[in-house]
Amino acid sequence: MADGGDTVAGAVVLGGQGSSVSSSSVYAICAGTARVRADSSARDRLAASSSSSPAGRISPAAAASDFQITFPPYFSVAETRAALTVLLNKLLISGCSGTRTDLVDRISDSLNSVPPPQGRLNVGNALTHEELYILEHSHATLYGICAVLDHLSTALSTTVDAVAALSCEAIEADVAVFNLIDSGDPFASKEEIGFASDMKVLLNGSKLVGKVECDAISCIPKVHATLRRVVKSVHSEVRVYLNSRVRIQKVGSTADGAAKAVVNVLWPLADVLLDIGRTSLCRAKMNLDSIGADALKSRLTGMFEKECVSMDDLENENKVLNNAKMGGDFEKFVHESYVLCGRVWKIVAWEAITAFVALEGSELIEKGKHEEINGVQADKKSEKKKKKVLLGRGTAVVVQLIKDRFQRNGETDSDSSILLEKLVQDLLLFLDTRGPEFDDFLNKVKDIVDSNESRRLPKLPKGTRDFMKEQMAIREKAFSIITEVFKKYGATALATPVFELRETLMGKYGEDSKLIYDLADQGGELCSLRYDLTVPFARCMAMNGLTSLKRYQIATVYRRDKPSKGRYREFYQCDFDIAGQNVRMGPDFEVIKILTELLDKLNIGDYEIKLNRRKLLDGMLEICGVPSEKFRTICSSIDKLDKQSFEHIRKEMVEKKGLTAEMVDRIGNFVKERGHPLELLSKLQQKGSRFLENEGSVHALNDLERLFKALKESKCTDKVVFDLSLARGLDYYTGVIFEAVFKGDTQVGSIGAGGRYDNLIGMFGTKQVPVVGVSLGIERVFAIMEQRQKDQGQRIIRATETQVLLGYLGDEDDLHTASGLVTELRDAELRADYMLHKKVMKHIDFARKNQIPWLVLVGARELSEGVVKLKDMENAKEEVVPRSAMVQELLNRLKVVRT
């Protein structure tokens, strides 16, 4: 048995000490492939306890006449046997002094009888209260069918993958949708990634796939991954259903909600089974269309339409399930779920039949005879060509299993129509879960998937990613824009090590210091990965005695953070800093202007830059009566206002940080202030303003006035918001602080931030050097750029900058000629690639796929004539030019100046 349950000589033993019954065991009994037996020790316990049971325990409700266990009239024999199996197990594991062995034996005998019981079972009279309670509260009919559904759907989740892989080859489908990898994205579907990996194993090496795009294939990852996820959920619940005891109540009973819980568990399964049936049916019809022999297609289509479940049948079943669920008819619902599962199995079996016939049926049925199909005799040449077509390594094994079975059964009838009927019946039996060979087939598919090396692909750590060629094209374009803006403002590049001494980083990030990645001791020094680029920059300035520098750095940083959408453990930062004595508020103005220019040129959409000043925050807290030693911790609370309500923050400041309610309410009145920089500044500078009573606040307001006027003259105040709730959490900020926030639909949080940190370099024991810096959250900007491109239906940026493809019409023996031609192009500073193939369309398809604007087509004939063909891929125009003019013609068309 697949997942538990003791078996002895073809019998499933129930009630054993420490053992558990499995769905596979229940299915084996209900399918008639295994007998049932009560564990001898469990019977002995019941016999010992029932002999001392007082007669007064007989239930009055069951003493007058024979008690019958009844089942709904629409239950099949299999459903009845499954229910009785669960009931027997509940009696054995829940039994106490009130359960007798004769009741257990009667149910065991009925399960092992031929014919098996159906409809009702007489279990005698004079039932004890305990026996009657278990019979009425075991939910055996619901749990029994749940066990069968668990077993069938688990087997289906493996079978349907193998069958879908056959269909992909039969219809020559584009299987790019299976190119999913585990990128470390915490929001990626692990089931989809696992499914895609299995499909790649099955189709590995296939020469048939890659041409036809269709919805019935592109939807497979979502639908099949959902089936896997739901099957796991059902399986975990059914294990509890089967092996939990019935708790005997001494007085009365009430509904325990178990029936409704079963429906809630099975409803997602029924829903995904419908999706599996619909998509499998679509692929089966496509398989029929792909059969090349018209006579064979016609015969199989007739059989399919007569015997396979239709789309109307599925939709009607959906209505019945909905009605049963809404009407609270729980037994009807689980029964119809079982019926639906059977119908879906039949559809999947027919998908396998149609796929197999499309791939191998004609050759197998004709058995080497040259039968005329549709008036055209198949010649040896076409047969030889067909044998060259390769299936995937996994699907080839599945196809061979089917062929071996069919041939092993000795089907040699000369009539091809009879052979087709026998092939269909043979495959239906092969995929019958009760058949003797089905388990071997299922295990073979699992072995293919589990043993293949490509199954053991390495995984990325959480919070990290690989960037493929299309993503890198977007990133490189963005980096070039950023670098040009930084250089435009006079910055020079700087690089610092990816790790620093731990003592360099600690104490610089406040509460965020816990996110620093520490490294194991490898050489007598305690080191940590850099948390940002700012502290390493300050360390570099201090160590080298620099007092003035305008620099930029684009590099990776590391956070021991919990990965979430838009948050990673390794990511790029783009920093710009101005260090040294300068015009008052001049550097502050410049870094904010740079941030607006970067975001405008990256074309991300609407954004705003929230701005505040640290001294203004300190003055505000002082005015509100907050002790100076609590300024930093209260600022960290205020900094959360963009994510949490003030009421939540208010509770934190009062209950956890020790402020009075009056202090917090005063803070609340201040932090709600936000608006246009000059307008809000004017309000805060008006006579009577509390800020004018605080010396530090007055200095801060004067500095902000100077800054806002400069920003106004540079035409970027429309992007800046003066916000008194902004309180950047990092400990090293001393002056202006700002944060850029994206205002579009993509929720990514902050996309850039910075401020003045005049004391950071001095923390390393050297002279204080004032610094203002900005850091662009480039990873979040990339997320916005990619989403905007998708929403606007923009053409994907080219992954390469290749200008010319040299397409040589030859084979590998012509490499020396092709290499000489492409070298000419590259020597002329053209970005050129080359390809060797005899077919012109292969070169054209490659150029189109890679968006290469120009194609040079040349072969032995063209060279003998002294010409080449230039093809303008965008305008689909082609012209013949002299071989000697090839390079110059391309330079002219591409407007390249030759140096």
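Please refer to the structure placed before this passage.
To start, this report covers the structure provided alongside it. A quick note: this is a predicted structure, and the numbers were derived from the prediction, not measured. (Residues numbered from 1 in each chain as written. Predicted model: local features only at pLDDT ≥ 70, side-chain atom pairs only at ≥ 80, totals over all residues. Heavy atoms only, no water.)

1. Brief notes about the overall build of the chain
Looking only at helices and strands, the chain has 32 helices and 23 strands in total. Here the chain holds 899 residues, and 49% of them are scored as buried. Taking the contacts inside the chain whose residues are at least 6 apart along the sequence as the reference set, 74% of them involve residues at least 24 apart. Carbon together with sulfur atoms contributes 49% to the accessible area of the chain, which is approximately 42500 Å² in total. (Helix = DSSP H or I, 4+ residues; strand = E, 2+ residues; numbered from the N terminus. Buried < 20%, exposed > 50% of the residue type's maximum accessible area, 1.4 Å probe, protein only. Contact = heavy atoms within 4.5 Å. Areas by Shrake-Rupley, 256 points an atom, 1.4 Å probe, with all protein chains shown as cover.)

2. Let's talk about the packing of helix 6 (residues 140–170) against helix 9 (residues 220–243)
With their axes 9 Å apart at the nearest point, helix 6 and helix 9 run at an angle of 155° to one another. It follows that helix 6 is roughly antiparallel to helix 9 by the angle criterion. Of the two elements, helix 6 crosses helix 9, and the hand of that crossing is left-handed. Two secondary-structure elements touch here, helix 6 through Y143, C146, A147, D150, S153, T154, L156, S157, V160, D161 and A164 and helix 9 through I220, H224, L227, R228, V231, V234, H235, V238, Y241 and L242. Of the residues assigned to the contact of helix 6 with helix 9, the class counts are 13 nonpolar, five polar and three charged. (Axes fitted to C-alpha atoms, helices over the stretch in contact; angles between N-to-C directions. Parallel < 35°, antiparallel > 145°, perpendicular 65-115°, else oblique. Left-handed = near helix turned anticlockwise from the far one by under 90°. Nonpolar A, V, L, I, M, F, W, Y, C, P; charged D, E, K, R; others polar.)

3. Topic: the sheet that holds strand 18 (residues 771–776)
One open sheet accounts for nine strands, arranged 8-11-12-18-17-16-13-15-14; its pairing is mixed. Whereas interior strands pair on both sides, the edge strands pair on one side only; in this sheet they are strand 8 (492–493) and strand 14 (674–675). Strand direction decides the pairing type here: strand 16 (residues 736–742) and strand 17 (residues 750–756), joined by five bridges, are antiparallel. Each residue of the ladder has a partner; that of E739, found in strand 17, is A753. In the packing of helix 21 (residues 586–601) onto the sheet, contacts are made with strand 11 (549–558), strand 12 (570–579), strand 13 (607–613), strand 15 (720–723), strand 16, strand 17 and strand 18, and the angle to strand 18 comes to roughly 10°. Sheet strands in contact with helix 26 (residues 677–684) are strand 14 and strand 15, and its direction is about 25° off that of strand 15. (Pairing = 2+ DSSP bridges.)

4. Concerning the nonpolar core
It is characteristic of soluble globular proteins that their nonpolar side chains tend to be buried jointly. One finds L87, I107, F178, L266, L269 and L300 to be the most contacted residues of the largest nonpolar core, which totals 137 residues. With 19 residues, helix 6 is the largest single contributor of residues to this core. Beyond its immediate sequence surroundings of up to four residues, L300 is in contact with L288, I291, W350, I353, T354, V357, L420 and V424. Residues A542, I638, I737 and I751 belong to the second largest nonpolar core, which totals 91 residues. (Core = buried A, V, L, I, M, F, W, Y, C linked by side-chain atoms within 4.5 Å.)

5. Focus: the sheet that holds strand 21 (residues 854–859)
Sheet strands line up and pair through hydrogen bonds in the backbone, either parallel or antiparallel. In space, the five strands of this open sheet follow the order 20-19-21-22-23, with mixed pairing throughout. Only two strands of the sheet have a single neighbouring strand rather than two, namely strand 20 (832–836) and strand 23 (877–882). Going across the sheet, the axis of each strand differs from the next one's by a mean of 25°, ignoring polarity. Its contacts with the sheet put helix 30 (residues 840–849) on strand 19 (804–809), strand 20, strand 21 and strand 22 (867–872), and the angle it makes with strand 19 is roughly 165°. Across the face of the sheet, helix 32 (residues 886–894) comes into contact with strand 19, strand 21, strand 22 and strand 23 while running at roughly 165° to strand 21.

6. Here we look at the packing of aromatic side chains
The final tally for this structure, using the stated rule, is 14 aromatic pairs. Taken together, W345, F430, F438 and F441 form an aromatic cluster joined through their ring pairs. Here K332 stacks its cationic end above the ring of Y74, 4.6 Å away from the centre of that ring. Sitting over the face of the ring of F467, R475 holds its NZ or CZ atom 3.6 Å from the ring centroid. (Phe/Tyr/Trp six-rings, centres within 6.5 Å; stacked < 30°, edge-to-face > 60°. Lys NZ or Arg CZ within 6 Å of the ring centre and 35° of its normal.)

7. Description of the side chain of D532
Tracing the sequence through the fold places D532 in the loop between strand 10 (527–529) and helix 20 (534–543). Although buried, D532 forms no salt bridge, and the nearest oppositely charged side chain, R559, lies 5.4 Å from it. A polar contact of 3.3 Å, which involves the side chain of D532, links it to the backbone nitrogen of T534. Only 3.3 Å separates the side chain of D532 from the backbone nitrogen of V535, close enough to count as a polar contact. (Lys, Arg positive; Asp, Glu negative; His and termini not counted. Salt bridge = Lys/Arg side-chain N within 4 Å of Asp/Glu carboxyl O. Polar contact = N/O pair within 3.5 Å; in protein donor to acceptor, adjacent residues only side chain to side chain.)

8. Some points on the pattern of salt bridges
Under the definition given, this model contains 44 salt bridges. With a closest N to O distance of 2.7 Å, R831 and E801 form a salt bridge. Taken as a pair, R831 in the loop between helix 29 (815–827) and strand 20 and E801 in the loop between helix 28 (778–791) and strand 19 lie far apart in primary sequence, 30 residues in all. In the salt-bridge network here, residues are joined through shared partners; they are D606, E608, R674, D723 and K743.

9. Details of helix 24 (residues 646–655)
Restricting attention to buried positions, one finds in helix 24 the residues I649, E652 and M653. Buried residues of helix 24, seen end-on, are gathered within an arc of 95° and therefore sit on one face of the element. Along helix 24, the residues that are exposed and aim more than 90 degrees away from the buried face are E647, K651 and E655. Where the residues of helix 24 are buried, they touch helix 23 (631–638) and helix 25 (661–671). (Arc of directions from axis to C-beta.)

10. Some details on the environment of D813
Of note, D813 is situated in the loop between strand 19 and helix 29. Assessed through its relative accessible area of 58%, D813 is described here as exposed. As a C-alpha pair, D813 and L836 span 23 residues in sequence and 9.5 Å in three-dimensional space.

11. Considering the side chain of S775
With respect to the secondary-structure elements, S775 resides in strand 18. Within the local environment of S775, its side chain forms a polar contact with the side chain of D575, the two groups lying 2.7 Å apart. Excluding anything up to four places from it in sequence, S775 contacts Q573, C574, D575, G752 and A753.

12. Describing the pairing of strand 13
Taking burial as the measure, the seven residues of strand 13 include seven buried ones, the bulk of the element. On strand 13, burial covers both faces: Y607, I609, L611 and R613 on one face and E608, K610 and N612 on the other are all buried. Pairing between strand 13 and strand 16: seven bridges, direction antiparallel. By the bridge assignment, Y607 is partnered in strand 16 with F742. Both strand 13 and strand 15 contribute to a ladder of three bridges, which runs parallel.

13. What to know about the environment of Y489
Locating Y489 in the fold gives a position in the loop between helix 18 (469–488) and strand 8. Assessed through its relative accessible area of 16%, Y489 is described here as buried. Linking Y489 and E590, residues 101 residues apart in sequence, is a C-alpha distance of 8.4 Å. Apart from residues no more than four positions distant in its own chain, Y489 is found in contact with K550, F576, E590, K593, I594 and E597.

14. Topic: the environment of G210
By secondary structure assignment, the location of G210 is in the loop between helix 7 (190–203) and helix 8 (215–218). The spatial distance from the C-alpha of G210 to the C-alpha of E169 is 8.8 Å, given a sequence separation of 41 residues. The residues touching G210, leaving out its near neighbours within four places in the chain, are E172, A173 and D174.

15. Quick word on the state of the cysteines
Following the criterion strictly, the structure yields zero disulfides and no others. C214 carries a free sulfur, and the closest cysteine sulfur to it, the one in C168, is 7.7 Å from it. (Disulfide = S-S within 2.5 Å.)

16. Details of the pairing of strand 3 (residues 35–38)
Residues V36 and A38 of strand 3 are buried on one face, while the alternating residues R35 and R37, pointing to the opposite face, are not. As judged from the four bridges shared by strand 2 (residues 11–14) and strand 3, these two strands associate in the parallel manner. Its bridge partner lying in strand 3, L14 is registered against A38.

17. Focus: the packing of helix 1 (residues 23–30) against helix 6
It is at 8 Å that the axes of helix 1 and helix 6 come closest, and there the two elements cross at 105°. One element, helix 1, and the other, helix 6, form an angle in the roughly perpendicular class. The segment helix 1 lies against helix 6, with S23, S24, V26, Y27 and C30 engaging G144, A147, V148, D150, H151 and L152. For the contact of helix 1 with helix 6, the class distribution of residues is six nonpolar, four polar and one charged.

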